[in-house]
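Overview (structure and organization)
Residues per chain, in single letters:
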Amino acid sequence: MQLAHDFEEIAGVAVSAGGALVAVADHESAAAGCFGYTNVEVTVHTGAAGDEIASLRFHDLRLDEMAFTPSGETLAIVARRGMGGFGGPAATLALLDPRTGESHAFDIEPPSGYGGLRLSVAKNAVAVGAFPDGKIVLRKLPSGEPLVTFMDPSFTAMALSEDGSTLALGTKDGRIQLRGLPDGRVVGELASPSGAPRSLRFQGERLIAAMEDGQVFGVPVSGAPPVRLGQVRPDARFIGVASDGQVVDVLQKEDVATVRHGSRSFTVPPPERPYVEAVAALSPEGARVLAALGSHVFLRRPGDLTAGALTFGPHLDGQVFGVGPLADGAVLLGARWDDGTARIWNVRTGQPIVLTNGPLPRLSSLAIHGNGTVATVDEAGAAVVWERQGTTLKPRHSFRTNGPASVVAFDSTGARVLVGTRRGEVMIAESLTGKTQRVVRTGGKAITFVKAYEGKEKAQLETAGGRVFLLDLATGKLEPETEEAYMGLLGGDPNAPIRPWGEDGETPLPAFELACWDAVCRVSEPSGPFDPIRVIASFGMLDRPGAAFVMADGRVDTLGTTSGDFFTCRDGGRTYPFSHCRDADETPGLLGRRLDEACAQGAAACPR
């Protein structure tokens, strides 16, 4: 099962008992002037099908940890801003109810210097510890009401018992201290098997203790001798002990991450971009392991890491196009996912743009020029230029290339089409007549990217081997590109359109800007560098490839798909699912209503 959610950089995961619920925290990079910052979005999904049921956002914070209560009634999240962030250090504890989407947030004291926050969750309590300061705060669940606060600068690890009656603290001098709750008084002490514990968690009547040297022990709370359970691989991170008693860890070397359960292991597919860290979590009873790297999430059974996976994807692939208004008043938005699904909408009317015989086929490339002309390359490598007539695309030209086409783009005027091939050639042709002007060869590697400079007779090319070229469209001359020619509109947002720098070093304003957040994109129309930005429409990718809703001025115009199956919308932090409701887009009074009204009506008409 796949979920159409565009994760940028997964920073943490959590899973409830039996894998019933899965939480994913996504870091999104952004910028304001010369300063960069990170936003966090946490989404909760069902473990059976991957449906999103709740979400929560944090501005200018980074995730430290998150965890479900054992049966999943509450998701606890701690996030913070470091010393270099806007406004100085800050930290937040958030409690999210996945069933209703309601949440409570509490400001907490951030750790000093470059410290971090530790989190442990029980059925009716949550503990947050600031490391290395030693301040530990306990709150009731689900209300968040304070229970007790105390200091212990010697603590290295902590764990709440499942019923919330006991807090275990590992100390630097090799002890495990037991404190009774709610008063926090010391009620017992256990000897650590091998120095200071690095990680503690309760499992029934014993503590699972991972030590600095990588050894993992089961330490009975009764005081009986500890039992060695296994060893964490060198440089690996301890995830937990599975229900069969085997140690689970995750090890990353460069961009390759493996999750190991005893003698079995699973290699997480490599990410789309480098320098991202693998994260993993184990369900409380140890029957499900959740792993993520980059933008992919995998839910598996520890006993068989190669089967029974729930994979979250696909993701928006490359540029999202926004053009208009055109002669007939249309504003077109086009998007393509990495599974080849592609959709185009007129956001002014909320209507999808389709072929005469149905939706667009799966594509390997999509381009929309500012004049409204559309070009595509399908998965078989056929390149076509289309002419839009109302809500229908009709073929204008098909191109013959030496080998299958791989990517397509327009020049800045729209008069020429640039078609890259899997054989490393670029064909330059007239978009109106289809006549080939010239074919340029780059050396055999497939062309993966083509983008024309605005107002210039030049285009940038990239090949599968990573080489970047500058192509003179008038002469066909090809030379290596030595300068970075494009920048993202939103400070690194991978879904934002790209635009060329002006010769004076200033970036010219486009007719429309597109900002994507939480798989929802907003189209705005700036009239000048210092004038207010007018939001003209927004659209969102929902629970499966190609499904979308389009809003204009806050009103639902269409679901953007032939049926309302798996339609999900959010308002005010709440999530409303439309599950298996095939006539949702034809429900009387649904379209044209305010978003929250439409969601509420849809949730009532089509209960989960």
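Residues numbered from 1 in each chain as written. Predicted model: local features only at pLDDT ≥ 70, side-chain atom pairs only at ≥ 80, totals over all residues. Heavy atoms only, no water.

By the element assignment, Glu285 lies in the loop between strand E25 (278–282) and strand E26 (289–293). Through-space distance from the C-alpha of Glu285 to that of Gln203 is 7.7 Å; in sequence the pair is 82 residues apart. In this structure, Glu285 is in contact with Ala17, Gly18 and Ser243, ignoring residues within four places of it in sequence. Polar side-chain contacts of Glu285 include one of 2.9 Å to the side chain of Ser283. Reaching out from Glu285, the side chain makes a polar contact with the backbone nitrogen of Ala287 at a distance of 3.2 Å. (Helix = DSSP H or I, 4+ residues; strand = E, 2+ residues; numbered from the N terminus. Contact = heavy atoms within 4.5 Å. Polar contact = N/O pair within 3.5 Å; in protein donor to acceptor, adjacent residues only side chain to side chain.)

Inspection of every chain in the model, using the stated rule, returns one aromatic pair. When the ring of Phe131 is compared with that of Phe155, the centres are 6.3 Å apart and the planes differ by 80°; the resulting orientation is edge-to-face. Residue Phe131 is located in strand E10 (residues 125–131), and its partner Phe155 is located in strand E13 (residues 155–160); the two are separated by 24 residues in the primary sequence. The exposure class assigned to Phe155 is buried, which follows from its relative accessible area of 1%. In this structure, Arg139 is placed above the aromatic ring of Phe106, and the distance from its NZ or CZ to the ring centre is 4.6 Å. For Lys456, the ring lying beneath its charged end belongs to Tyr453, and the centroid distance is 5.7 Å. (Phe/Tyr/Trp six-rings, centres within 6.5 Å; stacked < 30°, edge-to-face > 60°. Buried < 20%, exposed > 50% of the residue type's maximum accessible area, 1.4 Å probe, protein only. Lys NZ or Arg CZ within 6 Å of the ring centre and 35° of its normal.)

Once that is clear, we can look at the pairing of E13. Most of E13 is tucked away, with six of its six residues classed as buried. As paired elements, E13 and strand E14 (residues 166–171) share five bridges and run antiparallel to each other. For Met158, the partnering residue across the bridge sits in E14 and is Leu169. Hairpin connection between E13 and E14: a loop of five residues separates the two successive antiparallel strands, and Gly164 in this loop has a positive phi of roughly 75°. (Pairing = 2+ DSSP bridges.)

Within the largest apolar cluster, 30 residues are counted, with the highest numbers of intra-cluster contacts made by Ile344, Ile368, Leu393, Phe399 and Val419. Sequence-distant contacts of Ile344, that is, excluding residues within four places in its chain, are made with Leu333, Gly334, Pro352, Ile353, Leu360, Leu366, Ile368, Val374 and Leu393. Counting residues in each nonpolar core, the second largest holds 20 residues, with Ile53, Phe58, Ala79 and Leu96 among its members. (Core = buried A, V, L, I, M, F, W, Y, C linked by side-chain atoms within 4.5 Å.)

This part takes up unusual backbone geometry. Among all residues except glycine, the phi angle is most often negative; among peptide bonds, the trans geometry is most common. In this chain, Phe131 is followed by Pro132 through a cis amide linkage whose omega measures 10°. With respect to the element layout, Pro132 can be found in the loop between E10 and strand E11 (135–140). The omega torsion of the bond from Leu181 to Pro182 falls at 20°, within 30 degrees of zero and hence cis. Here Pro182 is to be found in the loop between strand E15 (175–180) and strand E16 (186–191). The residue Asp235 is not glycine, and still its phi comes out positive at about 70°. Mapping Asp235 onto the fold places it in the loop between strand E20 (227–231) and strand E21 (237–241).

A few words now on the sheet that holds strand E18 (residues 206–211). One key point about sheets: their strands pair by backbone hydrogen bonds, in either a parallel or an antiparallel sense. Read from one edge of the open sheet, four strands run E17-E18-E19-E20, paired in antiparallel fashion. Edge strands, defined here as strands with exactly one partner in the open sheet, are strand E17 (197–203) and E20. Averaged over all neighbouring strand pairs, the angle between strand axes comes to 25°, with direction disregarded. As defined by bridge partners, strand E19 (residues 215–220) adjoins E20 across four bridges and the pair is classed as antiparallel. What sits directly across from Val216, in E20, is Gly230. (Axes fitted to C-alpha atoms, helices over the stretch in contact; angles between N-to-C directions.)

Summed over the entire model, instances satisfying the criterion amount to 16 salt bridges. Residue Arg416 is joined to Glu457 by a salt bridge in which the shortest nitrogen-to-oxygen separation is 2.5 Å. One end of the pair, Arg416, is in strand E38 (residues 416–421); the other, Glu457, is in the loop between strand E41 (447–452) and strand E42 (458–463), and 41 residues separate them in sequence. Arg416 gets classed as buried once you look at its relative accessible area, which sits at 11%. Overall, the relative accessible area of 37% leaves Glu457 in the partly exposed class. Here the residues in one salt-bridge network are Asp173, Arg175 and Glu189, joined through shared partners. (Salt bridge = Lys/Arg side-chain N within 4 Å of Asp/Glu carboxyl O.)

Let us look at the side chain of Asp472. With respect to the element layout, Asp472 can be found in strand E43 (residues 468–472). Among the polar contacts made by the side chain of Asp472, one reaches the main-chain amide nitrogen of Ala474 at a distance of 2.9 Å. A polar contact is formed between the side chain of Asp472 and the backbone nitrogen of Thr475, at a distance of 3.1 Å. If sequence neighbours within four positions are ignored, Asp472 has contacts with Glu457, Lys458 and Lys477.

What follows deals with the pairing of E42. Of the strand pairs in this sheet, E41 and E42 are connected by five bridges, and their pairing is antiparallel. The residue bridging Ala452 from the neighbouring strand is Ala459, located in E42. What sits between the antiparallel neighbours E41 and E42 is a turn of five residues, in which Gly455 has the positive phi angle 75°. Count of turn residues in the E42/E43 antiparallel hairpin: four residues, of which Gly466 carries a positive phi of about 90°.

Turning next to the environment of Asp411. Summarising the element assignment, Asp411 is placed in the loop between strand E37 (405–410) and E38. For Asp411, a relative accessible area of 3% puts it in the buried group. Between the alpha carbons of Asp411 and Glu454 there is a distance of 7.9 Å; along the sequence they are 43 residues apart. Setting aside chain neighbours within four positions, we find Asp411 in contact with His369, Arg416, Ala452 and Leu473. Side-chain polar atoms of Asp411 contact the backbone nitrogen of Ala415, separated by 3.2 Å.

This next bit is on the confidence of the model for the protein chain. With 70% of its residues at a pLDDT of 70 or more, the protein chain shows a mean pLDDT of 75. When mean pLDDT is compared element by element in the protein chain, E19 scores highest at 95, while strand E45 (residues 486–488) scores lowest at 27. Contacts for the low-pLDDT stretch residues 529–533, under 50 throughout, to residues beyond four places or in other chains number four contacts. (pLDDT = per-residue confidence, 0-100.)

To continue, consider the sheet that holds E14. The four strands lie next to each other as E13-E14-E15-E16, forming an open sheet whose pairing is antiparallel. Taken across any chain shown, the strands that pair with only one partner, and hence form the sheet edges, are E13 and E16. Put simply, the sheet's adjacent strands are angled 20° from each other on average, direction ignored. As paired elements, E14 and E15 share five bridges and run antiparallel to each other. Directly across from Leu167, in E15, lies its bridge partner Arg179.

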